[in-house]
Amino acid sequence: MKVLMLSWEYPPRIIGGLARHVYWLSQELENMGVEVTMVSLDHPSAPMSEEEGRKKIVRCSSYRFPSPDFISWVYQFNYWMLEKILTDLKNDYDIIHVHDWLTAPAGITLKHIFRRPLVVTIHSTEFGRRTGIHDDFQRHIHETEWKAVFEAWKVVVCSEYMKREVMAAFGVPSDKLWVIPNGVNPVSLDEKVSLVGARSRFAEPWEHIILYVGRMVFEKGTHIFVEAARQLLSRRWDAKFVLVGEGPLRANLTNTVENLGLSSKFYFTGFLPDEEIKVLYNVCDIAVFPSLYEPFGIVALEAMSAGKVVVASDTGGLSDVVMHGFNGLKVAPRDPTALQVAIDYLLNHPEDRWRMGRNGLNTVYERFSWESIAKQTTGLYQQILEEYDQGSWKPKPKQISLL
Amino acid sequence: MLSWDYGRGYVGSHVENLVGKLISKGHNVHVLHIAGDEYTDVRGDRIVYGVAPHVKTNLHTITSIFSSLGDYTRAISSVVYDAGDFDIIHAHDWLVGLPGLMAKLAYGKPLVLTLYSLEEDRRGGINLVSLSIEGFERHLCDLADALVIHDEGLCKRIAEKYEVPWEKVHVLHEWDGIVDVYREVLER
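Predicted model, so just to flag it, every value in this text is computed and none were measured.

The rules behind these values
Residues numbered from 1 in each chain as written. Chains lettered and ligands numbered in written order. Predicted model: local features only at pLDDT ≥ 70, side-chain atom pairs only at ≥ 80, totals over all residues. Helix = DSSP H or I, 4+ residues; strand = E, 2+ residues; numbered from the N terminus. Rg over C-alpha atoms; globule rule 2.2 N^0.38 Å. Buried ≥ 20, exposed ≤ 12 C-beta atoms within 10 Å, placed from the backbone. Contact = placed C-beta atoms within 7 Å. Nonpolar A, V, L, I, M, F, W, Y, C, P; charged D, E, K, R; others polar. Pairing = 2+ DSSP bridges. Axes fitted to C-alpha atoms, helices over the stretch in contact; angles between N-to-C directions. Parallel < 35°, antiparallel > 145°, perpendicular 65-115°, else oblique. Left-handed = near helix turned anticlockwise from the far one by under 90°.

*Asks:* Outline the overall build of chain B, supporting the account with residue identities and numerical values.
*Replies:* If you tally the helices and strands in chain B, you get 8 helices and 8 strands. The C-alpha atoms of chain B give 16 Å as radius of gyration, which agrees with the globular expectation for 188 residues (16 Å, within 12%). C-alpha extents for chain B along the principal axes are approximately 45 × 40 × 30 Å. Counting all 188 residues of chain B, 41% fall into the buried class. Considering only contacts in chain B between residues 6 or more positions apart, those separated by 24 or more positions represent 48%.

Shown next as structure tokens:
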């Protein structure tokens, strides 16, 4: 089986979580015998074309002519992707798989030129990211997402929550949607790393580390976390709140903490490399994910894979991942008081922390390994190809010059 | 025959005139143009397809051109599928030059491009949109197999501005000699 996969980010070009997702998915698909050609965008430190085993990576120019705005830049790189594929690659792919609206224009065009089935993974929607559609810019993205979903043979979403969201936002029938969760790589540490030494970089020995990892934006609820911390610190002083990540809210939150006289109890690390984050997952006591909108919540799984208990908002994909009282605690989103009560409970009950942490670790291995995700994806591809073989929508032999 | 307009406006009238001439000489022509609603219309001796963009945008011109690319390519694909083989793609202006280029690359057929004006004549001043359009005008001139222009002055400016080899450029009045241009690119 040959798959042409399109994504606007692929390592070393990393913008958000998508690069890692497509990297590990394509890696595991290749291990299962699927031949993946990954088409992505250029990066100064990566060749324009390379092969990793049977996986072929083709990178296209991301910027050739000026673009007046983000959307027209997206269309332009889609165009360069198309030109590259039609010029340099053969059309012997069974499936075209695109991720999000960002590569949907190219995917839709290829679907019609090659007459091959299109799979679209919707990682999040513009409607969800913006809590509604408020201007022409957002409406254009929203309608492009609708079109991608309309043109797709099947649509992949990462959680039951996202399935409901996509059904509601685009009017898609449920049998067109497949829930395949995102995978996670268990947080494994280099054996030479001293956790005791590492821990002392972030907190005093008598302080519990309460960890937040994520972009500092409104939808991640970082401001809720800081308010919950303030409330908790008014009752107990044995907690240190470590916030990893960058974002527009960071400066504002740092000022808030300073004005409250609580700077010594907060540590804003900024962006940290993956290895440092792994260390933090291992030395923290509780990981907190207070998101207001979270299609999946991979960071919660990463914390679980380090055997840590999580406290998460009962929203989005986090609701699917966290089972209340089993592998973590769920609290109402936008409720700092509920959040600090849950953190306080876990600080007072170390045996529950340990039990839920172990359960979380098992959850990751049983449900969210990349091997399991690739198996489900291959199953989807096979079902699509069976349906495709039975249908009449196919290319005429030798009509496409690239055949 | 790819065009934004058909049968109306400056370019649309020129295209309709060309189609009439080709059909009178016994050629088989399929016309695709942008329309409010999708339709297929057999008008006597010619088949006209209306391509309706799914995503209607109030953003920049270039955004609406690009967002219609997938719709246009889908229409080309179904026309080619139904019609079987074809010989030439003739795109009118840069607006539909990009789907024309897609068709050239996908089906391995020569692309003839007609430009009716240059972005530098249309724009109100230098801005990111016009620089982007100029980039694509140049790109299309590079990759088209032949350029057909109606006006000698415009032809000279295009050839010089975008460094197009003279042997690729043809000045035709009222489309006289267009079949010879088609034959030449097919032989090449």
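*Asks:* Before we move on, can you summarise the overall build of chain A with the specific residues and values?
*Replies:* A tally of helices and strands in chain A yields 15 helices and 14 strands. In terms of overall dimensions, chain A is globule-like: its C-alpha atoms have a radius of gyration of 22 Å, near the 22 Å expected for 403 residues. Seen through its C-alpha atoms, chain A measures out along the principal axes to roughly 75 × 40 × 40 Å. Within chain A, buried positions represent 49% of all 403 residues. Considering only contacts within chain A whose residues lie at least 6 apart along the sequence, 66% involve residues at least 24 apart.

*Asks:* So what about the interface of chain A and chain B? Which residues, and what values?
*Replies:* At the interface, 30 residues of chain A touch 29 residues of chain B. Elements that contribute at least two residues to the side of chain A that touches chain B include exactly helix H2 (70-88), helix H3 (104-114) and helix H5 (136-151) of chain A. Sorting elements by how many residues they give to the side of chain A that touches chain B places H2 of chain A first, with 8 residues. Taken together, the residues of the side of chain A that touches chain B break down into 14 nonpolar, 9 polar and 7 charged.

*Asks:* Describe in detail the sheet that holds strand E6 (residues 118-121) of chain A, supporting the description with residues and values.
*Replies:* Residues and elements named next belong to chain A. In space, the 8 strands of this open sheet follow the order E3-E4-E2-E1-E5-E6-E7-E8, with mixed pairing throughout. Strand pairing shows two members of the sheet lacking a second neighbour, strand E3 (49-52) and strand E8 (177-179), which therefore form its edges. Direction aside, the axes of adjacent strands within the sheet are offset by 20 degrees on average. As paired elements, strand E5 (residues 95-99) and E6 share 4 bridges and run parallel to each other.

*Asks:* Would you mind going over the sheet that holds strand E12 (residues 286-289) of chain A in detail, with residue names and values included?
*Replies:* Residues and elements named next belong to chain A. Taken in spatial order, the 6 strands of this open sheet run E11-E10-E9-E12-E13-E14, and their pairing is parallel. The sheet is open, and its two borders are formed by strand E11 (266-270) and strand E14 (328-331), each paired with just one other strand. Averaged over all adjacent pairs, the angle separating strand axes in this sheet is 20 degrees, with direction ignored. Bridge count for strand E13 (residues 309-313) against E14 is 4 bridges, and the pairing is parallel.

*Asks:* I'd love a proper account of the packing of H2 of chain A against helix H4 (residues 94-107) of chain B, names of residues and values included.
*Replies:* Packing of H2 of chain A against H4 of chain B leaves a shortest axis separation of 9 Å and a crossing angle of 20 degrees. If you check the angle between H2 of chain A and H4 of chain B, you find them roughly parallel. Two packed elements cross with a definite hand, and for H2 of chain A against H4 of chain B that hand is left-handed. Counting all contacts with H2 of chain A, which are made through Tyr79, Leu82, Glu83, Leu86 and Thr87 of chain A, the residues of H4 of chain B involved are Leu98, Met102, Leu105 and Ala106 of chain B. In terms of residue class, the contact of H2 of chain A with H4 of chain B is made up of 7 nonpolar, 1 polar and 1 charged.

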